[in-house]
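One-letter residues, chain by chain:
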Amino acid sequence: MSGVALVRALREPGTVAKLDAAGWTALIAAARAERLIGTLAFRIDEAMTPAAVRPILADARVDADREARQALWEADRAAEALGAPVLLLKGTAYVAAGLAAGEGRFIGDLDILVPRQMMNQVENILNAAGWEWVKQDAYDDAYYRQWMHELPPMIHRERDRMIDVHHTILPLTARQRPDAEAMLMDAVSITERLSVLSPEDMVCHSVAHLLADGDLAGGLRNLWDIHCLLDRVDAARLAERAKRHGIGKHVAQAQRLAAALYGGQGAPLTLWDRVIVWRLLARDGWGRETRKLLRFGFYLRSHWLRMPPLMLARHLFTKWRKGHRPI
Amino acid sequence: MRHQLSLKIGPASFRIGSAWREPIELLTKLYADYPQTSDEVSDFTVRLEPTSLLRRWVRPSIFITGDHGLADAAPMSLSHGLLAAEMGMNLQMALGWRRHLLLHASSVEKDGRALVMTGESGSGKSTLAAQLGERGWRLMGDEFALLDLVTGAVFPFPRLVSLKNGAIDVIAGEAPAERMGPLLAGTAKGDIRHLAPRADAVTRMEEGVRPALLLFPRFGHAEAVRLVGQGEVFMRLTQASTNYVALGEAGFGALTRFVQDVPARAIDFPSGEAAIALVERLWEELG
């Protein structure tokens with residue numbers, strides 16, 4: 001299983017010296033599929049790789065550098081449009097703050113956090129500066145506005161880059177209520193125009209995204225972020241902060257998972273931890289998803305986490321009528 | 001995956017996996033003279049998967065993907081499996097190749113210099129390259145010309161030539177049957193037949209050459225030749241490149257140099273014969 005090989009290569013980059021050609025091809029396919037090829041390319045020492053692998057990793061580094069440059073430019077454009085400091089989340093934040101989690105990281109969208117009462121104003125300003133709505137569907141649009149923790153995604157009409165404007169870190173329908181005001185309050189300035197979450201809140205956000213929301217797709221990369229981010233937090237402060245956001249158990253679980261997959265030593269895993277590990281590693285040497293049934297189970301769980309049963313039934317029925325099929 | 005093949009085309013190596021035997025069998029036959037690379041690390045993985053569990057056996061339907069893929073790629077019938085594999089390889093190059101500036105163009109070589117032809121699908125660039133490749137030129141590729149970011153040389157990507165509709169009979173009349181693939185009728189682009197390039201195209205597939213002439217061919221019009229200014233060439237080539245943006249400054253540098261160094265002409269022609277005569281004449285005039 002190449003999910004395993006990928007995790008091992010990230011945890012102990014020296015072990016790649018033992019790979020044969022087929023092992024390398026499988027590792028590269030799995031890393032590309034999990035969008036960890038850039039991270040891997042920065043971790044591995046070129047001297048330990050066969051000649052045919054070097055250009056592949058060099059290409060991945062070039063791509064990652066470009067992504068970082070583009071992401072920072074988008075952040076700058078958003079700050080320019082808003083005329084105020086922008087609080088960055090996820091990949092762009094890691095790169096802007098020069099964190100290990102940002103090294104080689106794939107960055108898709110620009111994610112920012114703004115106070116909820118300013119959402120309308122921010123939307124209008126971004127709209128005037130060239131960001132346009134992507135979702136044309138009235139149901140999706142209404143759903144986002146009523147229940148989600150972010151505006152419907154917008155794409156810049158000239159640069160074709162997406163921005164996600166969040167007002168908190170979990171959907172409003174989730175069982176936990178993170179304290180977004182506290183997050184905004186404790187943000188750390190990194191330049192005159194850009195700020196990021198405090199180290200502890202960064203972990204909380206990443207954990208909430210991985211374990212309290214979503215179906216764990218792309219989870220290996222998420223957990224890698226968490227593994228890197230955990231290096232710079234104070235354990236007691238993190239526990240206190242996680243409790244405040246209502247995700248104490250999730251953070252503790254993420255610590256166990258990160259240690260088990262990327263750290264080596266950690267607290268023993270529970271049965272539920274093991275199920276999640278099994279799901280995270282569901283990737284073969286062709287880059288294909290495996291364990292279809294388990295994946296589907298997590299897909300259902302992501303909806304269960306997101307909304308109460310009756311609302312879920314109504315939502316799934318509406319999406320099904322519109323032709324959406326999860327598998 | 002159940003059936004697989006690893007091979008090298010130009011500078012890029014591919015591992016192609018398929019849920020079905022047929023596409024791999026056809027590839028193995030048509031790519032018999034290319035380096036087989038099952039013992040080497042592949043640059044790209046291509047996968048031909050069933051669109052659903054059922055579609056593996058019942059009215060088999062192929063979803064083309066791999067390291068790089070498009071979520072909304074149209075499914076293809078298994079009878080077009082060879083085309084699916086070719087599209088899968090093109091997809092990896094178009095979305096993932098970073099070691100050259102990729103131009104959506106055909107190219108041929110003579111006297112150690114390259115003629116590059118670019119244009120929309122249907123412009124005749126592919127047919128023209130295939131014909132020249134049968135008549136004393138070295139075929140470098142019908143889909144992508146690879147522009148070296150440092151030296152400015154053009155490198156070959158000589159995969160199978162994809163002949164469409166009217167071009168099929170034209171080339172079938174010149175090339176031996178053993179280099180032709182099966183007729184794939186009724187694809188999204190009409191009828192398609194693949195042509196394996198001549199041996200010299202394969203044995204010399206790692207040799208790059210200096211580009212000497214750029215043409216914008218257009219089939220189906222009265223014969224005409226028009227000079228194309230550098231500004232227009234630059235704009236058209238940025239649109240014809242799939243990785244120009246991804247390469248950033250290196251891509252800009254390579255394209256600027258190409259545009260400044262290589263003379264460009266737009267040519268219209270009513271027939272293949274007229275096109276070949278026109279190309280040979282323009283080539284002579286270069287001196």
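Residues numbered from 1 in each chain as written. Chains lettered and ligands numbered in written order. Predicted model: local features only at pLDDT ≥ 70, side-chain atom pairs only at ≥ 80, totals over all residues.

What am I meant to see in the overall build of chain B here?
In terms of helices and strands, chain B carries 9 helices and 16 strands. Its C-alpha radius of gyration of 19 Å places chain B within 12% of the 19 Å reference for a compact globule of 287 residues. A principal-axis box enclosing the C-alpha atoms of chain B has dimensions of 55 × 45 × 35 Å. Evaluated residue by residue, chain B yields a buried proportion of 47% over its 287 residues. (Helix = DSSP H or I, 4+ residues; strand = E, 2+ residues; numbered from the N terminus. Rg over C-alpha atoms; globule rule 2.2 N^0.38 Å. Buried ≥ 20, exposed ≤ 12 C-beta atoms within 10 Å, placed from the backbone.)

Please clarify how the overall build of chain A should be interpreted in this entry.
Looking only at helices and strands, one finds 15 helices and 7 strands in chain A. Relative to the 2.2 N^0.38 estimate, which gives 20 Å for 327 residues, the radius of gyration of chain A is 20 Å and therefore close to what a compact globule would have. Taking all 327 residues of chain A together, the buried fraction comes to 40%. Within chain A, residue pairs in contact and separated by at least 24 positions form 63% of the contacts whose partners lie at least 6 positions apart. (Contact = placed C-beta atoms within 7 Å.)

What exactly am I supposed to notice about the sheet that holds strand β11 (residues 161-164) of chain B here?
Pairing between the strands of a sheet is mediated by backbone hydrogen bonds and can be parallel or antiparallel. Residues and elements named next belong to chain B. Taken in spatial order, the 3 strands of this open sheet run β11-β13-β12, and their pairing is antiparallel. Of all strands in the sheet, those bounded by a partner on one side alone are β11 and β12 (184-187). Within this sheet the neighbouring strands show an average axis-to-axis angle of 35°, counted without direction. Against the sheet, helix α2 (residues 81-96) makes contact with β11, β12 and β13 (190-195), and its axis sits at roughly 70° relative to β12, the strand it touches most. (Pairing = 2+ DSSP bridges. Axes fitted to C-alpha atoms, helices over the stretch in contact; angles between N-to-C directions.)

Can you walk me through the domain arrangement of chain B in this structure?
The accessible area lost on association of the parts is a frequent measure of interface size. All names here are of chain B. Each assigned domain of chain B is listed with its residue range as follows: domain 1 (3-96) and domain 2 (100-286). On the domain 2 side, the residues contacting the 16 residues of domain 1 number 23 residues. Mapped by element, the contributors of at least two residues to the side of domain 1 that touches domain 2 are α1 (21-30) and α2. Among the elements that make up the side of domain 1 that touches domain 2, the one with the highest residue count is α2 (7 residues). Split into classes, the residues belonging to the side of domain 1 that touches domain 2 amount to 11 nonpolar, 3 polar and 2 charged. (Domains from an automatic or database assignment. Nonpolar A, V, L, I, M, F, W, Y, C, P; charged D, E, K, R; others polar.)

Just to check I follow, could you spell out the sheet that holds strand β2 (residues 12-18) of chain B for this structure?
Residue and element names in this part refer to chain B. As summarised here, the arrangement of the 5 strands in space is β1-β2-β3-β4-β5, forming an open sheet in which the pairing is mixed. Strands at the two margins of the open sheet, each flanked by one partner only, are β1 (3-9) and β5 (76-77). Where α2 meets the sheet, it contacts β2, β3 (44-50), β4 (61-66) and β5, and its direction lies at approximately 140° from that of β3.

Looking at this model, I keep getting lost on the interface of chain A and chain B. Mind explaining?
Taken together, the contact between chain A and chain B spans 17 residues of the former and 15 residues of the latter. At the level of elements, α2 (21-33) and α4 (54-82) of chain A are the ones that each hand at least two residues to the side of chain A that touches chain B. Ranked by residues supplied to the side of chain A that touches chain B, first place goes to α4 of chain A with 6 residues.

Would you mind showing me how to read helix α3 (residues 125-134) of chain B here?
The periodicity of an α-helix, 3.6 residues per turn, causes residues three or four places apart in sequence to face the same way. Residues and elements named next belong to chain B. Of all 10 residues that make up α3, 9 are buried, and the element is covered over most of its length. For α3, the full list of buried residues reads Lys125, Ser126, Thr127, Leu128, Ala129, Ala130, Gln131, Leu132 and Gly133. Gly136 occupies a position one or two residues after α3 and carries a positive phi of about 95°.

For this particular structure, what's the right way to read the environment of Leu82 of chain B?
Residue and element names in this part refer to chain B. Checked against the element boundaries, Leu82 lands in helix α2. The sequence separation of Leu82 and Pro182 amounts to 100 residues, and the corresponding C-alpha distance is 9.0 Å. Sequence-distant contacts of Leu82, defined by excluding residues within four places in its chain, comprise Pro23, Leu26, Leu27, Gly181, Leu184 and His194.

Teacher, can you tell me more about the nonpolar core here?
Nonpolar side chains tend to gather and get buried jointly when the protein is soluble and globular. Leu6, Leu88, Ile112, Val207 and Leu223 of chain A are the most contacted members of the largest nonpolar core, which totals 91 residues. In terms of nonpolar packing, the next biggest core, distinct from the first, is built from 83 residues, Ala19, Phe155, Val233 and Ala275 of chain B among them. (Core = buried A, V, L, I, M, F, W, Y, C linked by C-beta atoms within 7 Å.)

Honestly, the environment of Gln70 of chain A in this entry has me stumped. Any pointers?
Tracing the backbone shows Gln70 of chain A in helix α4. Look at Gln70 of chain A and you get partly exposed, because 17 C-beta atoms sit within 10 Å.

How should the packing of helix α10 (residues 219-230) of chain A against helix α12 (residues 248-263) of chain A be read in this particular structure?
Geometry of a packed helix pair, given as the angle between the helix axes and the separation of the axes. Residues and elements named next belong to chain A. Axis separation between α10 and α12 bottoms out at 9 Å; the angle between their running directions is 100°. Taken together, α10 and α12 sit at an angle that is classed as roughly perpendicular. Side by side, α10 and α12 meet where Leu223, Trp224, Ile226, His227 and Leu230 of the first sit next to Ala254, Gln255, Leu257, Ala258, Leu261, Tyr262 and Gly263 of the second. The class makeup of the residues in the contact of α10 with α12 is 9 nonpolar, 3 polar and no charged. (Parallel < 35°, antiparallel > 145°, perpendicular 65-115°, else oblique.)

Quick question: what am I supposed to make of the pairing of strand β7 (residues 113-118) of chain B here?
All names here are of chain B. Burial within β7 is extensive, with 5 of its 6 residues counted as buried. Bridge count between strand β6 (residues 100-110) and β7: 6 bridges; the pairing is antiparallel. Residue pairing across strands places Lys110 opposite Arg113, the latter belonging to β7. Hairpin connection of β6 to β7: 2 residues between the antiparallel strands, including Asp111 at a positive phi of 55°.

Would you take a moment to explain unusual backbone geometry for this structure?
Generally, phi is negative for residues other than glycine and the peptide bonds are trans, each holding for most cases. All names here are of chain A. With a phi angle near 55°, Arg35 is a residue other than glycine that sits in the positive phi range. Owing to 15 C-beta atoms within 10 Å, Arg35 belongs among the partly exposed residues under this scheme. One non-glycine residue, Lys90, lies in the positive phi region at around 55°. As for its position among the elements, Lys90 is in helix α5 (residues 90-96).

Sorry if this is basic, but what is going on with the environment of Leu113 of chain A here?
All names here are of chain A. Counting through the fold element by element, Leu113 comes out in strand β2 (residues 110-113). Considering only alpha carbons, one finds Leu113 and Thr168, 55 residues apart in sequence, at a separation of 6.9 Å. Setting aside chain neighbours within four positions, we find Leu113 in contact with Leu87, Leu89, His166, Met183 and Leu184.

Before we go on, may I ask you to explain the confidence of the model for chain B in this structure?
Low pLDDT marks stretches whose predicted atomic positions should not be read closely. In the predicted model, chain B carries a mean pLDDT of 95, and 100% of its residues have values of at least 70. Taken over the whole predicted complex, pTM reads 0.93, whereas the ipTM for its chain interfaces reads 0.93. (pLDDT = per-residue confidence, 0-100.)

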